[in-house]
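# Remarks on the overall topology
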Amino acid sequence: MSLFYYGNYVELDENGAGIPETSRADANITLRRTIKGTTWNTICLPFSMSEEQVKETFGEEVELRELTNAVTTNGDANLYFTTRTSIEANKPYLMKNATLGSSYIIKGVDYTPATPIYEVDGVVFNGVYAKKVLDNANGRDYYIVDNEIRNSPGTTNIKGFRAFFKVPTGSEVKAMRLFPDDEATAIDGVMTEEGDLIVFPADIYSVSGLLVRKKAVGLDGLPRGVYIVGGQKIVVK
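Quick summary incoming for the structure in this document. In this text, all values refer to a predicted model and were calculated from it rather than measured experimentally.

Attention shifts here to the overall build of the protein chain. Summing up its helical and strand segments, the protein chain has one helix and 23 strands in all. A separation of at least 24 residues holds for 61% of the contacts in the protein chain among residues at least 6 apart in sequence.

As structure tokens, then:
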């Protein structure tokens, strides 16, 4: 489906091929966008939402993070986020602990679509409003899935109302880490000592330096223990 509007009613579908550019004041939105409740999701919407609307739509426990700082050096891209309680139109966010679902109703918002590209210190947090293939020109595209950061092989499909990261042209990023919280972040049974997410594919080593997996796409199936991934120590529980 694509986006449709009739009167002040607008339907947004993550499987749509695009959205019209026409703005709509005081619109009632039906958002068809699958959200996984306890993991970090990316979200980008063509309308703003107040704190009250965010909680009413996505639940009282929902958490939002805005990209506010990016440091790219020595092959590492470290992205830092700040807590937010409302959503600004056409700006990508991280979202967690939202009410699990695939369809949401948001009433009385101004639908104001624009190019959803948000750049911080050379790193682009790129929102999408339609299904898109990350062609990964020069290895620059990264996306989140199941609380892991992965580098697109050039064929990754993402649906609408999500976002991906694009690192600066010419940078030699070998690892990307997100810092959505001040404290260490549990990642689907895996915890990094520094509280960061590791980019995949990546080589996994034992603490003694033995190569365990080459160009692994995740940590599934690893025995419990301590490993080195992307130069970071992680614990598989």
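Within the span of helix α1 (residues 51–58), buried status applies to Gln 53, Val 54, Thr 57 and Phe 58. In a view along the axis of α1, the buried residues occupy a sector of 100°, so they form one face of it. Looking at α1, the residues exposed on the side facing more than 90 degrees away from the buried face are Glu 52 and Glu 56. With its phi angle positive at about 105°, Gly 59 sits one or two positions after the end of α1.

A separate point is the pairing of strand β12 (residues 141–145). Most of β12 sits inside the fold, with four of its five residues counted as buried. Two strands pair when backbone bridges link them, and β12 and strand β15 (residues 162–166) are joined in this way by two bridges, in the antiparallel orientation. By the bridge assignment for β15, Asp 141 is matched with Lys 166. The loop that links β12 with its antiparallel partner strand β13 (residues 148–151) comprises two residues; one of these, Asp 146, has a positive phi angle of about 50°.

Relative to the assigned elements, Lys 166 resides in strand β15. Expressed as a C-alpha distance, the spacing of Lys 166 and Glu 119, which sit 47 residues apart in the sequence, is 9.3 Å. Among all residues touching Lys 166, those that are not within four sequence positions of it are Gly 122, Val 123, Val 124, Arg 140 and Asp 141. Side chain to side chain, Lys 166 and Asp 141 meet in a polar contact 2.5 Å long.

Moving on: the sheet that holds strand β7 (residues 93–96). If you trace the five strands from one edge of the open sheet to the other, you get β4-β7-β5-β6-β16, paired in mixed fashion. Of all the strands in the sheet, the pair left with one neighbour each is β4 (41–43) and β16 (175–179). Averaged over neighbouring strand pairs, the angle between their axes works out to 35° when direction is ignored. Taken together, the three bridges between β4 and β7 define a ladder with antiparallel strand orientation. Its bridge partner lying in β7, Ile 43 is registered against Tyr 93.

Close approach of charged atoms allows side chains with opposite charge to pair. Summed over all chains, the structure comprises nine salt bridges. Across the salt bridge formed by Glu 14 and Lys 159, the nearest N and O atoms sit 4.0 Å from each other. One end of the pair, Glu 14, is in the loop between β2 (9–13) and β3 (24–32); the other, Lys 159, is in the loop between β14 (156–158) and β15, and 145 residues separate them in sequence. Judged by relative accessible area, which is 6%, Glu 14 ranks as buried.

Thresholds, definitions, all that
Residues numbered from 1 in each chain as written. Predicted model: local features only at pLDDT ≥ 70, side-chain atom pairs only at ≥ 80, totals over all residues. Heavy atoms only, no water. Helix = DSSP H or I, 4+ residues; strand = E, 2+ residues; numbered from the N terminus. Contact = heavy atoms within 4.5 Å. Buried < 20%, exposed > 50% of the residue type's maximum accessible area, 1.4 Å probe, protein only. Arc of directions from axis to C-beta. Pairing = 2+ DSSP bridges. Polar contact = N/O pair within 3.5 Å; in protein donor to acceptor, adjacent residues only side chain to side chain. Axes fitted to C-alpha atoms, helices over the stretch in contact; angles between N-to-C directions. Salt bridge = Lys/Arg side-chain N within 4 Å of Asp/Glu carboxyl O.

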